[in-house]
Amino acid sequence: MEIFTIFPQWLLTSTLIFIMFFMFLYTFKSNKSSISAPKLPPNPPKLPIIGNLHKLVGKPRHQVLWQLSKQYGPIMQFKMGSKSFIVISSPKMAKQIMKTQDHIFCSRPYSKSTERLTYNYLDIAFSPQSNHRREMRKILVSEFLGPKRASRINHVLGTEVDTMVRALALHPPNGAVNLRDLFLATVKAVVCKVAFGDNYRQQPINGPSWEVVVDEAQEMLGGSVGDFFPWVGRFIDRISGSSRKLDRCFNNLDAYIETVINDHKNQTGSEVSDVDDKDFVHSLLELSCKDATSGYQLTKEDIKSLIMDVLTGGVDTTVVTLEWTMSEIARNVRVMQKLQTEIRNRTKTKQKLDATDVAKMTYLKMVVKETLRLHPPAPLLIPHECISQCQVGGYDVYPGTSALINAWGIGRDPTVWGENAGEFYPERFEKFEVDFEMVPFGAGRRSCPAMNTAPATVEFLIANLVCWFDWEVPNGVKNEDLNMEDVGTLILRKKLPLCLVPRKFNWED
Ligand code: HEM
């Protein structure tokens, strides 16, 4: 029987409208009472679609965000296209993100380039939090950064530094040395020999050498327009050639890594019978052969993504730290002389410096620490993405929001470091106990796994340069007037390469 035969249509319609009206009222009321308005961090005024991106165009991100934080506070909401960020600008807030709520801010944001260059998120640095990532991090620490590899690293570092010192001693008098190039060559040679057993540095594969390919990868890892505007951005990436560049970069890097792996696979057992002959890639290949019960079984792509992390994460950060350290030493003659006294007093009767000598040099350690305070190589670290709703500093933060931690700004803040915050004064560490007042390596689950070993490499190289040579700024420029401008987004380097004149130290004087 038709319903309209029982109830007239007008009655049915008005009853339905009545019910819908009450349902609407009920929903509205219950929403109002159960969902209180979120308390979001203060934010600079946004423009439609692009959000706050216009504030960053053509300007150094870390500096703009630091200036804005003075107005909006130590936690500030920032929108870049469709992506939400919080900008963290105080030790207290940094501690909230990387210690108290580390388990919530332990992921990384999605980007097309990181996805591609990490073999679909198999790596450590850019992948979201997962069991696989944790295992990969353990492998990097035990097979590359840990005590197992320490003696080989020290041996290779010693040999490469000897070569560097000998080359400098033969340098024409009064000629300036490009220290950036020198550091790059030395660090890349060390990484290549320890990781791959051979210096593949200059080997061109698919055309460019890996130095060129790694530089390109680093640039790509900084992200593209597509990351901020998912639909139209991808189109722009395609027509601007950014997608093609990413494909080319990935193919070159992959071909390079593939060659390294194949060379290792082709080596006979007798070539690598000695434990000391085994490099990082040998160890990874061994782990790929083991059955799953005796350890984490690696696939070929896992191995490639680990190599990729070492190449993109380990070289530039170290080179940049070396260049800033040497620049600060050259600019501050008082520091250079005090450092030379410490190092030369220990070296007097020796022909060579070894890692044990360097480990005892307390002023040298303070000099490197002071450099990392003023010049953290990754000024905003790598973004930490929030995985569940939480509160930071009393404000609501939602999943998918990424935290940018302004390590550069926090390290220079006079309210933390006192009035001489901008001065290079290593002695401050005689009294200052560091907690989250400087975070050049991040902290917590996503901290740099090389935070305990990387400074030792920097210290060793600097100790040798400062021990065997005196250094002058060329072209009649006063030491204190050395140009210290910086440039870069993901990695912040000195704008102009550091060029100094070495004078061989005469021990008889
Ligand atoms: C002075 C040298 C170095 C500096 C200043 C440095 C700095 C950093 C920073 C700031 C991060 C991000 C931390 C965060 O997001 O909270 C990081 C992560 C990382 N670094 Fe380093 N790094 C250095 C050397 C190295 C070396 C030598 C390696 C390896 C060979 C390395 C491998 C990594 C990896 C794999 C990650 C990712 C960690 C994760 O997400 O769990 N770094 N590093």
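Small disclaimer: the values here were computed from a predicted structure and weren't measured.

So, how was this worked out
- Residues numbered from 1 in each chain as written.
- Predicted model: local features only at pLDDT ≥ 70, side-chain atom pairs only at ≥ 80, totals over all residues.
- Helix = DSSP H or I, 4+ residues; strand = E, 2+ residues; numbered from the N terminus.
- Buried ≥ 20, exposed ≤ 12 C-beta atoms within 10 Å, placed from the backbone.
- Contact = placed C-beta atoms within 7 Å.
- Near = placed C-beta within 6 Å.
- Nonpolar A, V, L, I, M, F, W, Y, C, P; charged D, E, K, R; others polar.
- Pairing = 2+ DSSP bridges.
- Axes fitted to C-alpha atoms, helices over the stretch in contact; angles between N-to-C directions.
- Expected span 1.5 Å × (residues − 1).

A. Structural context of the overall build of the chain. Looking only at helices and strands, one finds 21 helices and 11 strands in the chain. By residue count, 40% of the 509 residues in the chain fall in the buried class. Counted over contacts in the chain with a minimum sequence separation of 6, partners at least 24 positions apart contribute 74%.

B. Seen up close, the site of the ligand. In the neighbourhood of the ligand, 24 residues make up the surrounding shell, with Gly314, Thr317, Gly442, Cys448 and Ala450 lying closest. Breaking the shell around the ligand down by element, the ones donating at least two residues are α6 (131–145), α14 (300–314) and α15 (316–331). If you tally residues by element for the shell around the ligand, the top one is α14, at 4 residues. Broken down by class, the residue content of the shell around the ligand amounts to 14 nonpolar, 7 polar and 3 charged.

C. Up close: the sheet that holds strand β4 (residues 384–385). If you walk across this open sheet you meet the 4 strands as β1-β2-β7-β4, and the pairing is mixed. Strands at the two margins of the open sheet, each flanked by one partner only, are β1 (75–80) and β4. Of the pairings in the sheet, the one linking strand β2 (residues 83–88) to strand β7 (residues 402–405) comprises 4 bridges and is parallel in character. Looking across to β7, one finds that phenylalanine 85 is bridged to serine 402. Along the sheet face, helix α3 (residues 61–72) touches β1, β2 and β7 and points at about 130° away from the line of β1.

D. Representation of the environment of alanine 217 in the model. Of note, alanine 217 is situated in helix α9 (residues 210–221). For the pair alanine 217 and threonine 114, spaced 103 residues apart in the sequence, the C-alpha separation amounts to 9.4 Å.

E. The pairing of strand β11 (residues 499–504), seen in detail. One ladder, built from 2 bridges, connects strand β3 (residues 177–178) with β11; its direction is antiparallel. When the bridges of β11 are listed, asparagine 178 appears paired with cysteine 499. Of the pairings in the sheet, the one linking strand β8 (residues 469–472) to β11 comprises 4 bridges and is antiparallel in character. Each residue of the ladder has a partner; that of glutamate 472, found in β11, is valine 501.

F. A look at helix α8 (residues 179–196). Between its terminal C-alpha atoms α8 stretches 25 Å, which fits the 26 Å expected from 18 residues at 1.5 Å a residue. Where α8 terminates, the next one or two residues include glycine 197, which has phi positive at roughly 80°.

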